[in-house]
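The lines below spell out each chain.
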Amino acid sequence: MEKEINALREKLRKADRVAVLTGAGISAESGVPTFRGSGGLWRNYQATDLATPQAFAKDPELVWEFYNWRRDLISKVTYNPAHRALVDLESLVPNFTLITQNVDGLHLLAGSQNLLEIHGNLWKVRCTRCREITLDRSPDLGTSPKCKTCGGLLRPHVIWFGESLDQDILHRSIEASTNSRVMLVIGTSSVVQPAASLALEAKSRGAVVAEINLERTPNSSSMDFSLIGKAGEIVPRLVEGWK
Ligand code: BV8
Ligand code: ZN
């Protein structure tokens, strides 16, 4: 592992453009449950069953209980050394873009600047009637929060399964990935589309692609580096000793 980390660090030091994609695994060491590991359970529901427009249409109160549970949990945790190391990396690389699938807001809290939250942000709510988006950091919004402007029912401003991503954010994510010299993929099972394809697109355009994950994924065999381990341990070692 040491040899691979040193080799990857050298690639990063020489790269003028770097893209990073993160998933739930980078927040696991902060105490945020991942989607598909054991932590992805809430009252015997799979998170993926609740993060859908169908679930919200059928039982908005249940979906709001799920999101309030996550808001409350995430309000009590903070960023970890892996989030922090990506802030350092951003200051060391001339052109850096961080693309995250996570909605927990921990990259923002850690200080990341050039950040694309491709699946939205848990702390933002959107009115289902007038579409107004507001940032609200209160942990518990109740199970039927209403819009202050028009009284419509609010929903989490996140992209649910079956919903299209914001086209501008997706386009910028593809640009950053395909223009990168090196792309890191950290803490994602690489099954959710279209996020999981970004690294493969980067590779097809000549980027060096490296995966840092606790387990192998469907993309592992396409990676130039596949570092198996904890993000909180590996990512800081990539930026240590640069100066
Ligand atoms: C769309 C917001 C167009 C909500 C989320 C093509 C093929 C197959 C299916 C599809 C396809 N195109 C579209 C689909 C459907 C679907 C999809 O991809 N389904 C999957 C399940 C097959 N995609 C969509 O619906 C997307 N929309 O494409 O629009 C369209 C429109 C209509 C019809 C069709 C297409 C929208 C996807 C966005 C869904 N919203 N989140 C919320 O969070 O509340 S996705 C959700 O999963 C989270 O954002 C999460 O980040 C994301 C991905 O999961 P991971 O981040 O990878 O987390 P996971 O738990 O899976 O893995 C964690 C990894 O970390 C593990 O590997 C673990 O080993 C590792 N790990 C754990 N601890 C550590 C660690 N690694 C390092 N260190 C540690 N300490
Ligand atoms: Zn409204």
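Residues numbered from 1 in each chain as written. Chains lettered and ligands numbered in written order. Predicted model: local features only at pLDDT ≥ 70, side-chain atom pairs only at ≥ 80, totals over all residues. Heavy atoms only, no water.

1. Focus on the side chain of Ser112
Inspection of the secondary structure assignment puts Ser112 in the loop between helix H7 (106-110) and strand S5 (115-117). With relative accessibility at 5%, the residue Ser112 sits in the buried group. (Helix = DSSP H or I, 4+ residues; strand = E, 2+ residues; numbered from the N terminus. Buried < 20%, exposed > 50% of the residue type's maximum accessible area, 1.4 Å probe, protein only.)

2. Let's talk about the sheet that holds strand S7 (residues 133-135)
With antiparallel pairing, the three strands of this open sheet are ordered in space as S7-S6-S8. Unpaired on one side and paired on the other, S7 and strand S8 (154-158) mark the two borders of the sheet. Strand-to-strand twist in this sheet, taken as the mean axis angle between neighbours without regard to direction, amounts to 40 degrees. Looking at chain direction, strand S6 (residues 120-127) and S8 are connected through four bridges and run antiparallel. By the bridge assignment for S8, Val125 is matched with Pro156. (Pairing = 2+ DSSP bridges. Axes fitted to C-alpha atoms, helices over the stretch in contact; angles between N-to-C directions.)

3. Focus: the coordination of the zinc ion (ligand 2)
Coordination of the zinc ion (ligand 2) by the protein involves Cys127 (SG), Cys130 (SG), Cys147 (SG) and Cys150 (SG), with metal-donor separations of 2.3 Å. Around the zinc ion (ligand 2) sit four donor atoms; with metal-centred angles ranging over 99 to 118 degrees, the donor geometry is tetrahedral. Spacing between the donor residues of the zinc ion (ligand 2) along the chain follows C-x2-C-x16-C-x2-C. Of the two residues, Cys127 is situated in strand S6 and Cys147 in the loop between S7 and S8; the sequence distance between them amounts to 20 residues. Each member of the pair, Cys127 together with Cys147, is buried. (Donors = N, O, S within 2.8 Å, 3.2 Å for Na, K, Ca; no water. Tetrahedral: all angles 85-135°; square planar, octahedral: opposite > 155°, others 65-115°.)

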